[in-house]
Amino acid sequence: MSTVTAADLEAAIRNVPDFPQPGIQFKDITPVLADPRLFRGAIDLLVAGFPVGSVDKIIGIDARGFIFAAAAAVKLGAGFVPVRKKGKLPWETHEQSYDLEYGSATVAIHTDAVHAGERVLLLDDLLATGGTAAAAIDLLNRLKANIVGAGFLIELEALQGRQRIVGPRVHSLVRY
Ligand code: AMP
């Protein structure tokens, strides 16, 4: 199988206008997931620069982030930790709220999911305004995690989400 490039991923990502509401251009990553070569290539690119053994836990953000984070965790020999929408995790949690265009949202993590000093890599499918990722980073900071990076398949550059991610190195594969 030939090496997958960011251009291959971009060609497969489907733009769906006006979903889930008018004015939103939804980036549909399901064609990437359905293609075994592209899915594997996306994981390889997301963890490039992080050798096996260099990360203790991969943190995935609800819900599409789980797909990439779980596969990346297996590849790097790391654990997987979900950051979930409020009310879904069964054990004790830390919660962090953040503003959306209309209203707010809250994400949560189990209080024992990451131990102080563990090296964690945060992954999600898409970086838009950065509110979700910044909230996840707040949770990880409360657990005193050592955040070694934040990776995204897609970055919507005009929304400047990168500026809200204070601390870890941010990398993205496909930028619009
Ligand atoms: P934000 O907090 O604004 O950075 O939004 C990031 C989250 O919203 C990610 O978990 C994405 O899955 C989702 N998201 C935001 N905008 C889009 C979009 N245009 N297409 C697909 N997913 C999006």
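This report concerns the structure included in the present document. Source: prediction; values computed, not measured.

Another point: the site of the ligand. Inspection of the region around the ligand gives 13 residues, with R64, D125, T129, G130 and T132 positioned closest. Here a nitrogen atom of the ligand and a backbone polar atom of K27 are 2.9 Å apart. A distance of 2.7 Å separates an oxygen atom of the ligand from a polar atom in the backbone of G130. In the complex, 82% of the free accessible area of the ligand, which totals 490 Å², lies under the protein chains. Of the residues that constitute the shell around the ligand, the class distribution is 4 nonpolar, 5 polar and 4 charged.

Moving on: the side chain of S172. Turning to its location among the elements, S172 is positioned in strand β9 (residues 170-175). Classification of S172 by relative accessible area gives buried; the value is 6%. At 2.7 Å, the side chain of S172 and the side chain of E155 are in polar contact. A distance of 2.9 Å separates the side chain of S172 from the side chain of R175, its partner in a polar contact. Setting aside chain neighbours within four positions, we find S172 in contact with F152, E155 and R162.

Glancing now at the packing of helix α3 (residues 36-46) against helix α4 (residues 64-76). Across the interface, α3 lies against α4 with an axial gap of 10 Å and an inter-helix angle of 70 degrees. In terms of axis orientation, α3 runs roughly perpendicular to α4. Of α4, the residues touching α3 (which contributes F39, A42, I43, D44 and L46) are I67, F68, A71, A72 and K75.

Turning our eyes to something else, we now look at helix α5 (residues 131-142). The first and last C-alpha atoms of α5 sit 17 Å apart over 12 residues, in line with the 16 Å expected at 1.5 Å per residue. Within α5 the residues assigned to the buried category are G131, A133, A134, A135, A136, I137, L139 and L140. Those residues of α5 that are buried are in contact with β3 (57-61), β4 (79-85), β5 (93-99), β6 (104-110), β7 (119-127) and β8 (146-155). K144 lies just past α5 and shows a positive phi near 60 degrees.

Our focus in this paragraph is the pattern of salt bridges. Applying the stated rule across the entire model yields 10 salt bridges. The partner of E155 in a salt bridge is R162, and the shortest N-O contact between them spans 2.9 Å. Overall, the relative accessible area of 4% leaves E155 in the buried class. The class of R162 is partly exposed, set by a relative accessible area of 34%. Between R175 and E155 there is a salt bridge, and its shortest N-O distance comes to 3.8 Å. A residue pair is termed long-range when its members are at least 10 positions apart, and R175 in strand β9 and E155 in strand β8 qualify at 20 residues.

Let's shift gears to the sheet that holds β9. Here 7 strands make up an open sheet; going across it, the order is β5-β6-β4-β3-β7-β8-β9 and the pairing mixed. Only two strands of the sheet have a single partner each, and these edge strands are β5 and β9. Taken pair by pair, the neighbouring strands of this sheet meet at an average axis angle of 20 degrees, ignoring direction. Note: β7 against β8, 8 bridges, orientation parallel. Bridged to L121 within β8 is G149. Here α5 sits on the sheet in contact with β3, β4, β5, β6, β7 and β8, set at roughly 150 degrees to β5.

Rules used in this analysis
- Residues numbered from 1 in each chain as written.
- Predicted model: local features only at pLDDT ≥ 70, side-chain atom pairs only at ≥ 80, totals over all residues.
- Heavy atoms only, no water.
- Near = heavy atom within 4 Å.
- Polar contact = N/O pair within 3.5 Å; in protein donor to acceptor, adjacent residues only side chain to side chain.
- Areas by Shrake-Rupley, 256 points an atom, 1.4 Å probe, with all protein chains shown as cover.
- Nonpolar A, V, L, I, M, F, W, Y, C, P; charged D, E, K, R; others polar.
- Helix = DSSP H or I, 4+ residues; strand = E, 2+ residues; numbered from the N terminus.
- Buried < 20%, exposed > 50% of the residue type's maximum accessible area, 1.4 Å probe, protein only.
- Contact = heavy atoms within 4.5 Å.
- Axes fitted to C-alpha atoms, helices over the stretch in contact; angles between N-to-C directions.
- Parallel < 35°, antiparallel > 145°, perpendicular 65-115°, else oblique.
- Expected span 1.5 Å × (residues − 1).
- Salt bridge = Lys/Arg side-chain N within 4 Å of Asp/Glu carboxyl O.
- Pairing = 2+ DSSP bridges.

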